[in-house]
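Architecture at a glance
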Amino acid sequence: MKKVALFVCILCLWLTGCAVPSESGAGGVTDTTTQTEGAPSAAQSTGNETDTAETDAQTGNECPYCGKLEGENRWFIAEVMANGMVMPLGTDCFEAVSAMDVGISLHYSAVDGDESRRLAVGEIVRITYNGLIMESYPVQIRADSVTVETEVAVVIETDEDGDQYLVLPVSGKRVLIWDQQKSYVKDIDGYLLKAAEEKISEEVARYSDTPGFDLQIYEGHLCLYVEVIVKLDPPAPDIPVDGTADYVLDGCGIDHEHRFFSERITK
């Protein structure tokens, strides 16, 4: 009996000394590499490229400072910093997320088609590229084209009664600023305002040639918006047409519906 117990003890000691394969790496080797805070990771230092398509599909964000072009190509608006760096103006697009608080190292061969032109600190530029961002520190982009954006001024006019109006940069139309909206005026961005007017005008064009612009506060931002009444032909189903129901709660009438187009104009 003692011999059997001794044999079992020896067997247990032998088993505990054997290497057990790890699930964390091939060949049973566990990666114990530590990452120093603030230092680039191994993936960042290899110069790998990240495709933005999947990220955009996941976030679903639309930003007036960036967008997709044909194929995987993209564009974004940025401010020129020192040492060949640019900082995206948007906060919801992939380029801004990649730049973090550091910026993007921009490689380009010409500005507005001029190969001798160099970017100046503070300029606002529109950058197009192939949609790939090099995972270095900081991240890098090789631009297909770089164009300097014309600064869009925010014009506020006051009439003899003291009422204030926002002048739209494309059409020149004046939009009344209500008292509760005046605290947002200082945050209106000229580029956002111009982009909002152009986008809404394009979307509303199928319904009206003369959109009536207005302002509204939505989710902490001042927004430019247009309401359009669209005639329904044929009339909406399941709505009495005998005059007993002139309006329904979802914003649709018997023979028309209200559609709203809104874009933010404050940062």
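Position numbers for residues start from 1 in each chain and track the written sequence from start to end. A pLDDT threshold of at least 70 governs which residues receive local features in this predicted model, and a stricter bar of 80 or more applies before side-chain atom pairs are shown or counted, although totals over entire chains, interfaces and linings include all residues. Neither water nor hydrogens contribute to the side-chain values; these are computed over all heavy atoms in the structure.

In this section: the nonpolar core. Membership of the largest hydrophobic core comes to 27 residues, with the highest contact counts inside it found for Phe76, Leu106, Ile127 and Val146. Numbering of helices and strands runs from the N terminus, with a helix taken as a DSSP run of H or I at least four residues long and a strand as a DSSP run of E at least two residues long. Listing elements by their share of this core, those giving two or more residues are β3 (74-80), α4 (94-99), β5 (104-107), β6 (124-129), β8 (140-148) and α5 (190-204). It is β3 that provides the largest number of residues to this core, a total of 5 residues. Beyond its immediate sequence surroundings of up to four residues, valine 146 is in contact with Leu106, Tyr108, Ala110, Val111, Asp112, Leu119, Val125, Arg126 and Ile127. By nonpolar core is meant a set of buried Ala, Val, Leu, Ile, Met, Phe, Trp, Tyr and Cys residues that side-chain atoms within 4.5 Å join together. Only protein chains enter the accessibility calculation, which uses a 1.4 Å probe. A residue is then buried if its area is under 20% of the maximum for its type, exposed if over 50%, and partly exposed in between. Contacts are assigned to residue pairs with any non-hydrogen atoms lying within 4.5 Å of each other.

As for its position among the elements, serine 105 is in strand β5. Residue classification places serine 105 among the buried positions, given a relative accessible area of 16%. Residues contacting serine 105, with those up to four places away along its chain left out, are Gly84, Met85, Pro138, Val139, Gln140 and Ile141.

What follows is about the sheet that holds strand β9 (residues 155-158). When DSSP locates at least two bridges between a pair of strands, those strands are taken to pair. The 3 strands lie next to each other as β9-β10-β11, forming an open sheet whose pairing is antiparallel. In this open sheet, the two edge strands, each paired with only one partner strand, are β9 and β11 (174-177). Looking at each pair of strands side by side, their axes are set apart by 35° on average, direction ignored. Looking at chain direction, β9 and strand β10 (residues 164-167) are connected through 4 bridges and run antiparallel. Directly across from isoleucine 156, in β10, lies its bridge partner leucine 166. An axis is simply a line fitted to the C-alpha atoms; with a helix, the fit covers only the stretch in contact. Between two such axes, the angle follows the N-to-C directions and lies from 0 to 180 degrees.

Our next topic: α5. For α5, with 15 residues, the first-to-last C-alpha span of 21 Å sits near the 21 Å given by 1.5 Å per residue. All of the buried residues along α5 are Gly190, Tyr191, Leu192, Leu193, Ala195, Ala196, Glu197, Ile200 and Val204. A helix's residues, less one, multiplied by 1.5 Å, set its expected span.

This next bit is on the pattern of salt bridges. In the sections that follow, a salt bridge refers to a side-chain nitrogen of Lys or Arg positioned within 4 Å of a carboxyl oxygen of Asp or Glu. Across all of its chains, the model carries 9 salt bridges by this definition. The salt bridge partner of arginine 117 is glutamate 123, with a shortest N-O separation of 2.8 Å. On the basis of relative accessible area, arginine 117 is assigned to the partly exposed category, the value being 25%. Of the charged contacts in the structure, one is a salt bridge between glutamate 198 and lysine 194, with a shortest N-O distance of 3.0 Å. In this pair, glutamate 198 and lysine 194 both sit in helix α5, 4 residues apart, roughly one turn of the helix. The exposure class of lysine 194 is partly exposed, given its relative accessible area of 31%.

Take the packing of aromatic side chains next. Ring pairs shown here join Phe, Tyr and Trp side chains whose ring centres sit within 6.5 Å, with only the six-membered ring taken for Trp; geometry is labelled stacked below 30 degrees between planes, edge-to-face above 60, and tilted in between. For the structure shown, the criterion picks out 3 aromatic pairs. When the ring of tyrosine 65 is compared with that of tyrosine 191, the centres are 5.5 Å apart and the planes differ by 15°; the resulting orientation is stacked. On the criterion of sequence distance, the pair formed by tyrosine 65 in the loop between α3 (52-59) and β2 (66-68) and tyrosine 191 in helix α5 is long-range, its members being 126 residues apart. A relative accessible area of 3% places tyrosine 65 in the buried class.

With that settled, consider the pairing of β11. Of the two faces of β11, the one holding Val175 and Ile177 is buried and the one holding Arg174 and Leu176 is not buried anywhere. Looking at chain direction, β10 and β11 are connected through 4 bridges and run antiparallel. Bridging across to β11, leucine 166 finds its partner in valine 175. If you look at the hairpin formed by β10 and β11, you'll find 6 residues sitting between the two strands, and glycine 172 has a positive phi there, around 80°.

Turning next to unusual backbone geometry. Note: most residues except glycine have negative phi, and most peptide bonds are trans. Backbone torsion omega between tyrosine 137 and proline 138 reads 0°, so that peptide bond is classified as cis. Counting through the fold element by element, proline 138 comes out in the loop between β7 (132-134) and β8. Positive phi, normally seen in glycine, also occurs at asparagine 83, with a value near 60°. By secondary structure assignment, the location of asparagine 83 is in the loop between β3 and β4 (85-88). Judged by relative accessible area, which is 77%, asparagine 83 ranks as exposed.

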